[in-house]
Amino acid sequence: MIEMEKLVSLAKRRGFVFPGSDIYGGLANSWDYGPLGTELKRNIMDAWWKRFVTQRDDMVGMDAAIIMNPKVWEASGHLAEFTDPLVECKKCHMRYRADQIDLTKACAHCGTKDGFTEPRNFNMMFKTFLGATEDAASVAYLRGELAQAMFVDFKLILDTTRKRVPFGIAQQGKVFRNEITPGNFIFRTREFNLMEFEYFVHPDEWEKHFEYWLQEMKDWLDFCGVKKENLVFHEIEDGERAHYSKRTVDIEYHYPFGQKELYGLAYRGEYDLKKHTDASGADLSYIDPVTNQKYIPHVVEPTFGIDRTVLLGMLEAYAEEQARTAEEGETDLRVVMRFPKALAPFKIAMLPLSKKDELSVPARALASKLRKRWATDYDETQSIGKRYRRQDEIGTPYCVTYDFDTLNDQAVTVRDRDTMQQERVKLDELEGYLAAKLGF
Ligand code: GAP
């Protein structure tokens, strides 16, 4: 697997992910998505939304405010229990998560063995103030997870959509956590993107739904191009789970920096709806229209970190290989991002063989036409060999070369990213050809 330094450098060089606030010397562990990274992230989010929301009859979406009434976080248990154990080096005062270091060893920062302070619980909720005064009455929090809005709005959604249990509410968006030790590029940051849904079920049926969603998560990872051998399904033991969960399976991934969490699947039971019923006084129970049974639905929650999906998408896609060049019998090192076609930032690159109007004018017109359907890049700089390599490195599945012969035979050359095979395709058959190859 590619080393992280190489990936971070490619991400910056090609405009996938930049260090945040770069011209001011950066801000530790903050990252900005550049033009290609934004496309990749959007493609992931759109594919997820389509697969789990619009293509299903049992799922609806929502998009809640990031800042909610602080009572939400009090009721959900986040203000009291959304904590990580914090220790501090007694000498240099460097802070660590107690569960991520060996407390018997020297401090990794200053190297001394003076020891660490006793672990204390550090709350990860980001505090802010609403309005002009900074007092206790104006304290609010940036959301630490998406889920709470799905519970708080449960009744409104039930009444407005007339959905029946089992059904789910999905959301995508930013969440904020004051992590003690962020790091490893976009793996762990203090603001990050999440997509998750709360799936409401009858209490007697949660196990069936849990197994179903575990399989769905596996299928999604397959769609994202992840090799099965890079995944580990980790049943989280009693005492190790989040405060709300009765069963959790963490889906872990073999990153270059070790085996760590990618996604999670949690059985939250009736925990959240019950807490919000008790705290708000609203009745968040459900009446089965057939049996008339009244109960608080239980929740199965599949959660997917978006930034970790981008990271693993890039890790899985990256390949280096010796490939032939335009020179007879010669090869050189080719870097190719083999993104699944649906996720690739550009699907097509239009490459006229010359910058002259004779070719560039019709090539630009063709690119505009294709762009209505697929994200299409246009590049007329440098040699065709260099342009192919550039497109390989950003993972564009098909390059279309518009050459002088095109003016006579009304055909272009289409090059496949993975096989590097080239085919001559008639202009009036091009769209159909690409649609068949791309599959959308
Ligand atoms: N509602 C459930 C929930 O938020 P979580 O396990 O705390 O569960 C969900 O977080 C997912 O968010 C994780 O599986 C991971 O993909 C991602 N994630 C968690 N902390 C993160 C961080 N600091 N930076 C980037 N992604 C993170």
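Going by the structure above, here's the rest.
Being a predicted model, the structure only gives us computed values, none of them experimental. (Residues numbered from 1 in each chain as written. Predicted model: local features only at pLDDT ≥ 70, side-chain atom pairs only at ≥ 80, totals over all residues. Heavy atoms only, no water.)

Undergrad: Help me out: how do you make sense of the sheet that holds strand S4 (residues 67-68) in this one?
TA: Sheet strands line up and pair through hydrogen bonds in the backbone, either parallel or antiparallel. Reading across from one edge, S4-S9-S8 is the order of the three strands in this open sheet, with antiparallel pairing throughout. The open sheet has two edge strands with one neighbour each: S4 and strand S8 (126-129). (Pairing = 2+ DSSP bridges. Helix = DSSP H or I, 4+ residues; strand = E, 2+ residues; numbered from the N terminus.)

Undergrad: Would you mind going over helix H9 (residues 306-317) with me for this structure?
TA: Owing to its 3.6 residues per turn, the α-helix aligns residues three or four sequence positions apart on the same side. With twelve residues, H9 extends 16 Å from end C-alpha to end C-alpha; this agrees with the ideal 16 Å at 1.5 Å per step. Summarising burial for H9: twelve of the twelve residues are buried, a large majority. Residues of H9 that are buried: Ile306, Asp307, Arg308, Thr309, Val310, Leu311, Leu312, Gly313, Met314, Leu315, Glu316 and Ala317. (Expected span 1.5 Å × (residues − 1). Buried < 20%, exposed > 50% of the residue type's maximum accessible area, 1.4 Å probe, protein only.)

Undergrad: Any chance you could explain the pattern of salt bridges here in plain terms?
TA: Side-chain pairing between opposite charges can occur once the charged atoms of the two side chains come close. Considering all chains together, one arrives at 36 salt bridges under this definition. We note a salt bridge from Arg56 to Asp58, for which the minimum N-O separation is 2.8 Å. For the pair Arg56 and Asp58, one class covers both residues: buried. A salt bridge links Glu301 to Arg268; its shortest N-O distance comes to 2.8 Å. Here Glu301 is found in strand S17 (residues 298-305), whereas its partner Arg268 is found in strand S14 (residues 258-269), with 33 residues between them in sequence. By relative accessible area, Glu301 is classed as buried at 2%. Classification of Arg268 by relative accessible area gives buried; the value is 1%. (Salt bridge = Lys/Arg side-chain N within 4 Å of Asp/Glu carboxyl O.)

Undergrad: I keep staring at the site of the ligand and nothing clicks. Help me out?
TA: Residues in contact with the ligand amount to 19 residues; listed here are only the nearest, Glu145, Arg177, Glu196, Glu261 and Leu262. Note that a nitrogen atom of the ligand is positioned 2.8 Å from one of the side-chain N or O atoms of Glu179. Arg308 places a polar side-chain atom, nitrogen or oxygen, 3.5 Å from a nitrogen atom of the ligand. For the ligand, whose unbound accessible area comes to 560 Å², protein coverage reaches 92%. Taken atom by atom, the bulk of the ligand overlaps the largest pocket. (Near = heavy atom within 4 Å. Polar contact = N/O pair within 3.5 Å; in protein donor to acceptor, adjacent residues only side chain to side chain. Areas by Shrake-Rupley, 256 points an atom, 1.4 Å probe, with all protein chains shown as cover. 1 Å grid on protein atoms, 1.4 Å probe; cavity = no way out; pocket = protein on both sides within 12 Å on 5 of 7 lines; lining within 4 Å. Sits in = over half its atoms within 2 Å of the grid points.)

Undergrad: I would appreciate a short explanation of the sheet that holds S17 in the present structure.
TA: Strand order in this open sheet of seven strands is S3-S10-S11-S17-S14-S13-S12, and the pairing throughout is mixed. If you trace the sheet from one side to the other, it starts and ends with strand S3 (59-61) and strand S12 (231-235), each paired once. Within the sheet, the average angular offset between the axes of one strand and its neighbour, ignoring direction, is 25°. Direction of pairing for S12 relative to strand S13 (residues 247-255): antiparallel, over a ladder of five bridges. (Axes fitted to C-alpha atoms, helices over the stretch in contact; angles between N-to-C directions.)

Undergrad: Please clarify how unusual backbone geometry should be interpreted in this entry.
TA: Leave glycine aside and you will find that most residues have negative phi; peptide bonds, for their part, are mostly trans. Along the chain, Val165 connects to Pro166 via a cis peptide bond; the corresponding omega equals 5°. Residue placement: Pro166 occurs in the loop between helix H6 (154-161) and strand S10 (167-176). Of note in this structure, His93 is not a glycine but carries a positive phi near 65°. Residue placement: His93 occurs in the loop between strand S5 (83-88) and strand S6 (95-97).

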